[in-house]
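Architecture and fold: a report
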Amino acid sequence: MQTIPRDPSLDSTLDVVREGFPFIWNRVRNLHSDIFQIRLMGQRAICLHGPEAAELFYDPAYFVRTGAVPRRVQTTLMGLDAVQTHDGAEHRCRKDAFMALMTPQSRGRLMRLLAREWQAAAEYWAGQEEIVLFDEAQEVLCRAACAWAGVPLPDEDARRRARDFGLMVDAFGGAGPRHWRGKRARTRTEDWMEGLIKQIRKGRLEVAAGSPADVMAGLGDADGELLSARMAAIELINVVRPIVAIATYITFAAVALHEYPAYKGLLRADEEYTEYFVQEVRRDFPFAPFLGARVRQDFTWRGCRFDKGTLVLLDVYGLNHDPRVWPEPNVFWPDRFRHQAISPYNFIPQGGGYYDTGHRCAGEWITIETLKQAVTFLNTGIRYEVPAQDLRYDLTRMPTLPASGFVMRQVRPTGQPA
Ligand code: HEM
């Protein structure tokens, strides 16, 4: 049996806070190993890195999600007892409901709603001296996501609801006030959505058949029992909240367009290039740092022993910056996606493995399509100036964002559709 290399720190919890996104990647390089062990909040954990490790991590024969997501992340980011925390039949039941919303027709409807919202926003921005793209994008995404989901959203509420979805995401790596702000935002949002689910179930609110609100209101568990109204609300939030979270990638995409203007022409000339550009945004800029699971049964991998119940963390950020997978990983270079062979395990910004049977993000297609539309809109749908501002982002903060949120001045719509 091989000994798994050990991080010398007695407990790495503070190092995770201090180092943020590259925590696992830093140790992979220092210990020259894609597997090592640490102590985290008093318990032993194994950290994994690389495509082979991702393939292992996504094999449900070896890992479960039950008990892997810390309560503080559940009470802010995803909701207690949500799809992400289940295994087996219960997971399958909920995941099927999410995947049923991801047909090309359904995604097409979301894209049309989004196009309308971007145009309306551009006209509003034209009357403002300057705007912060991150805040505005959250509102655009929130309006379109709610309309798509069948969630009534009065105009005057759009800003604060969008902000609440954003605060839930912002809290996932935070402590103290950031955590409490996210938790309060979640309670407000769950109260709101639970009310809607109850109205739908009583027939007082009519929603389109097959819409996310309809699907979640009618969702049962693995035994066929209707989910509680609160649980259905949590899963409905798991549709809208991550769409609003795409604002983070849109803001990073705006930074990339600004810092590498040579790509603007290529994006106009070659439709396929937009896909490469968007994939490079998802690779190069940080969002999910790492993912957790627990060992289902004792097993051995590459001579290393994994004991039942051990917490295992898979490196997401580091894999996107590993030169063994991505040549010149710190260069923003969309062309790499022309030739790079993508597998379910070597490019995992939104999780790896398979959508239907595993935990891979149900919204990856929506994310890519929404980003492509937003990049085209920023490149050809509007003209704007970018004043001097701080565009740096802090890798020790999870999640992170360019400090200024990307300020734009003198925005003018060009009239070209998004
Ligand atoms: C799961 C990231 C957008 C719905 C996940 C996971 C990650 C992720 C890292 C965990 C995968 C795992 O546990 O193995 C992101 C990012 C997004 C995004 C960075 C864009 C900003 C979306 C969208 C939707 C969505 C737009 C739906 C409309 C889900 C669901 C899961 C999930 C339902 C749980 C899947 C499961 O446990 O089976 N996402 N996501 N996400 N995501 Fe996303």
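This text gives an overview of the structure that appears in the document. (Residues numbered from 1 in each chain as written. Predicted model: local features only at pLDDT ≥ 70, side-chain atom pairs only at ≥ 80, totals over all residues. Heavy atoms only, no water.)

Moving on: the coordination of the iron atom of the ligand. The protein supplies the iron atom of the ligand with one donor atom, C361 (SG), which lies at 2.3 Å. For C361, the position within the fold is in the loop between helix 14 (336-339) and helix 15 (364-381). (Donors = N, O, S within 2.8 Å, 3.2 Å for Na, K, Ca; no water. Helix = DSSP H or I, 4+ residues; strand = E, 2+ residues; numbered from the N terminus.)

Once that is clear, we can look at the site of the ligand. Close to the ligand lie 28 residues, the nearest being Y58, R65, H91, H359 and C361. In the model, an oxygen atom of the ligand is placed 2.9 Å from a nitrogen or oxygen of the K95 side chain. One of the side-chain nitrogen or oxygen atoms of H359 is found 2.7 Å away from an oxygen atom of the ligand. Elements supplying a minimum of two residues to the shell around the ligand: helix 5 (88-99), helix 11 (229-259) and helix 15. For the shell around the ligand, the leading source of residues is helix 11, giving seven residues. Among the residues forming the shell around the ligand, the class breakdown is 16 nonpolar, nine polar and three charged. (Near = heavy atom within 4 Å. Polar contact = N/O pair within 3.5 Å; in protein donor to acceptor, adjacent residues only side chain to side chain. Nonpolar A, V, L, I, M, F, W, Y, C, P; charged D, E, K, R; others polar.)

To continue, consider the side chain of T400. Mapped onto the elements, T400 comes out in the loop between strand 9 (382-385) and strand 10 (407-413). Overall, the relative accessible area of 3% leaves T400 in the buried class. In this structure the side chain of T400 is engaged in a polar contact, spanning 2.9 Å, whose partner is the backbone oxygen of D394. Once residues lying within four places of it in the same chain are set aside, the contact partners of T400 are F21, T248, F252, P286, Y393 and D394. (Buried < 20%, exposed > 50% of the residue type's maximum accessible area, 1.4 Å probe, protein only. Contact = heavy atoms within 4.5 Å.)

Their axes nearest at 7 Å, the elements helix 4 (residues 71-78) and helix 9 (residues 177-201) cross at an angle of 55°. Comparing their axes, helix 9 and helix 4 come out oblique. Classified by chirality, the crossing of helix 9 by helix 4 is left-handed. Residue-level contacts link R72, Q74, T75, T76, L77 and M78 of helix 4 to H179, G182, K183 and R186 of helix 9. (Axes fitted to C-alpha atoms, helices over the stretch in contact; angles between N-to-C directions. Parallel < 35°, antiparallel > 145°, perpendicular 65-115°, else oblique. Left-handed = near helix turned anticlockwise from the far one by under 90°.)

In this approach a probe as big as a water molecule rolls over the atoms, and the regions it shows empty are the leftover space. Reported here for the second largest pocket is a volume of approximately 480 Å³. Residue lining of the second largest pocket: 21 residues in total, with F134, D135, Q138, G166 and L401 positioned closest to the centre. Secondary-structure elements contributing two or more residues to the lining of the second largest pocket are helix 7 (133-149), helix 8 (158-170), helix 9 and helix 11. When residues of the lining of the second largest pocket are assigned to their parent elements, the largest contribution, eight residues, is made by helix 8. (1 Å grid on protein atoms, 1.4 Å probe; cavity = no way out; pocket = protein on both sides within 12 Å on 5 of 7 lines; lining within 4 Å. Points joined across faces, edges and corners; volume = space filled by probe spheres on them.)

Before going further, it helps to examine the packing of aromatic side chains. Aromatic rings in a pair are described by how distant their centres are and how their planes are angled relative to each other. As enumerated under the stated definition, the model contains 30 aromatic pairs in all. Relative to Y58, the ring of F57 has its centre 5.2 Å away and its plane inclined at 75°; by these criteria the two rings are edge-to-face. Each member of the pair, F57 together with Y58, is buried. Ring geometry for W301 and F306: centres 6.5 Å apart, planes at 75°, overall edge-to-face. Here a set of aromatic residues connected by ring pairs shows up, and it is made of F252, Y260, Y263, Y273, Y276, F277, F285, F332 and Y393. Positioned above the aromatic ring of W192, the side-chain terminus of R161 is 4.0 Å from the ring centre. (Phe/Tyr/Trp six-rings, centres within 6.5 Å; stacked < 30°, edge-to-face > 60°. Lys NZ or Arg CZ within 6 Å of the ring centre and 35° of its normal.)

In this section: the packing of helix 8 against helix 11. Look at helix 8 against helix 11: their axes get within 9 Å of each other, and the N-to-C directions meet at 90°. The pairing of helix 8 with helix 11 is recorded here as roughly perpendicular in orientation. Every residue of helix 11 that contacts helix 8 at A162, F165, M168 and V169 is listed here: I237, V240, R241, V244 and A245.

On to the sheet that holds strand 5 (residues 290-295). Within the open sheet, the five strands sit side by side as 1-2-8-5-3. Their pairing is mixed. The open sheet has two edge strands with one neighbour each: strand 1 (35-40) and strand 3 (63-64). Each of strand 1, strand 2 (43-48), strand 5 and strand 8 (311-315) touches helix 2 (residues 23-31); the most contacted strand, strand 1, lies at about 130° to it. (Pairing = 2+ DSSP bridges.)

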